[in-house]
Amino acid sequence: MPHTARPECRGPLHIVWRIGRGLPCLRTPRALRRLERAFRLGRERDGFRLTHYSIQEDHLHLLVEAKDRRKLARGLQALGIRLAKSLNSFWRRRKGAVFADRYFAVALKSWQQFRRTIRYVLNNGRKHGTWRVQNRADPYSSGPWYGHWATQDIRRPLRRSPR
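For clarity, every value in this text was computed on a predicted model and none was experimentally measured.

A.B. asks: Residues and numbers for helix 3 (residues 111-122), please.
C.D. replies: Along its 12 residues, helix 3 runs 17 Å from first to last C-alpha, staying within 8% of the 16 Å computed at 1.5 Å per residue. Along helix 3, the positions that sit buried rather than exposed are F114, T117, I118, V121 and L122. With its buried residues spanning 120° around the axis, helix 3 presents them on a single face. Facing away from the buried side of helix 3, by more than 90 degrees, are the exposed residues Q112 and R116. Tucked into the core, helix 3 has its buried residues touching strand 1 (11-18), strand 3 (48-55), strand 4 (59-66) and helix 4 (124-128).

Okay, here's the thing in structure tokens:
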């Protein structure tokens, strides 16, 4: 991935964070408990807040709010350390990098983009084919705690396979 400058941010951002190659899958019940605990403990810092997440097999989708680029970097650094320690402990590794070197970040500029991104993040398991239960939120996301999940504008229907 080419090195580009981080977006200037003041408000919500969509973050995609990949784990290193060769590491175990993140979508297991025990890994979910570890990740959710780390999210709860590291969700809010001065000028940084984690609002939504989706856990996939080899990456995380996060919706965060940050006051500026520095708060974003510090908040994700602290969250990354907490997540890496928890996952290394779970995988019985003494040390080692968990996340790839860089994360992908997109600053959300409008309310429409923000709503679409929430929908995308909460339904990401459907996109990857890891969650197929109709009319229920993916348990590996913050969807079960999202109050507007029951409305049709958030749920994404399952894709039908071509015949």
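Anyway, onward from the coordinates.
A.B. asks: Kindly report on the packing of aromatic side chains, identifying the contributing residues and their values.
C.D. replies: Within this structure, the stated rule accounts for 4 aromatic pairs. A centroid spacing of 6.0 Å and a plane angle of 70° characterise the contact between W17 and Y103, whose relative ring orientation is edge-to-face. Of the two residues, W17 is situated in strand 1 and Y103 in the loop between helix 2 (69-90) and strand 5 (104-107); the sequence distance between them amounts to 86 residues. A single burial state applies to W17 and to Y103, both of which are buried. With 4.6 Å between their ring centres and 40° between their planes, F39 and Y53 make a pair best called tilted. Placement of F39 in helix 1 (residues 29-42) and of Y53 in strand 3 is noted, with a sequence separation of 14 residues between them. Among the aromatic side chains, those forming a connected cluster through ring pairs are W17, F99 and Y103.

A.B. asks: Give me the lowdown on the pairing of strand 1, citing residues and values where you can.
C.D. replies: For strand 1, a buried count of 6 out of 8 residues is recorded, marking the element as mostly surrounded by other parts of the structure. As paired elements, strand 1 and strand 4 share 8 bridges and run antiparallel to each other. When the bridges of strand 4 are listed, P12 appears paired with E65. Strand direction decides the pairing type here: strand 1 and strand 5, joined by 4 bridges, are antiparallel. By the bridge assignment for strand 5, L13 is matched with A107.

A.B. asks: Describe in detail the confidence of the model for the chain, supporting the description with residues and values.
C.D. replies: With 85% of its residues at a pLDDT of at least 70, the chain reaches an overall mean of 85. Across the chain, the element-wise mean pLDDT spans from 83 in strand 2 (residues 44-45) up to 95 in strand 4.

A.B. asks: So what's going on with the nonpolar core? Residues and values would help.
C.D. replies: F39, L62 and L72 are the most contacted members of the largest nonpolar core, which totals 34 residues. For this core, the secondary-structure elements that each account for two or more residues are strand 1, helix 1, strand 3, strand 4, helix 2 and strand 5. No other element matches the 7 residues that helix 2 contributes to this core. Every residue in contact with L72, bar those within four places of it in the chain, is listed here: C9, L13, I15, F48, V64, A66 and Y103. Counting 6 residues, the second-largest nonpolar core is a separate cluster that includes L108, F114, I118 and Y146.

Analysis parameters
Residues numbered from 1 in each chain as written. Predicted model: local features only at pLDDT ≥ 70, side-chain atom pairs only at ≥ 80, totals over all residues. Heavy atoms only, no water. Helix = DSSP H or I, 4+ residues; strand = E, 2+ residues; numbered from the N terminus. Expected span 1.5 Å × (residues − 1). Buried < 20%, exposed > 50% of the residue type's maximum accessible area, 1.4 Å probe, protein only. Arc of directions from axis to C-beta. Contact = heavy atoms within 4.5 Å. Phe/Tyr/Trp six-rings, centres within 6.5 Å; stacked < 30°, edge-to-face > 60°. Pairing = 2+ DSSP bridges. pLDDT = per-residue confidence, 0-100. Core = buried A, V, L, I, M, F, W, Y, C linked by side-chain atoms within 4.5 Å.

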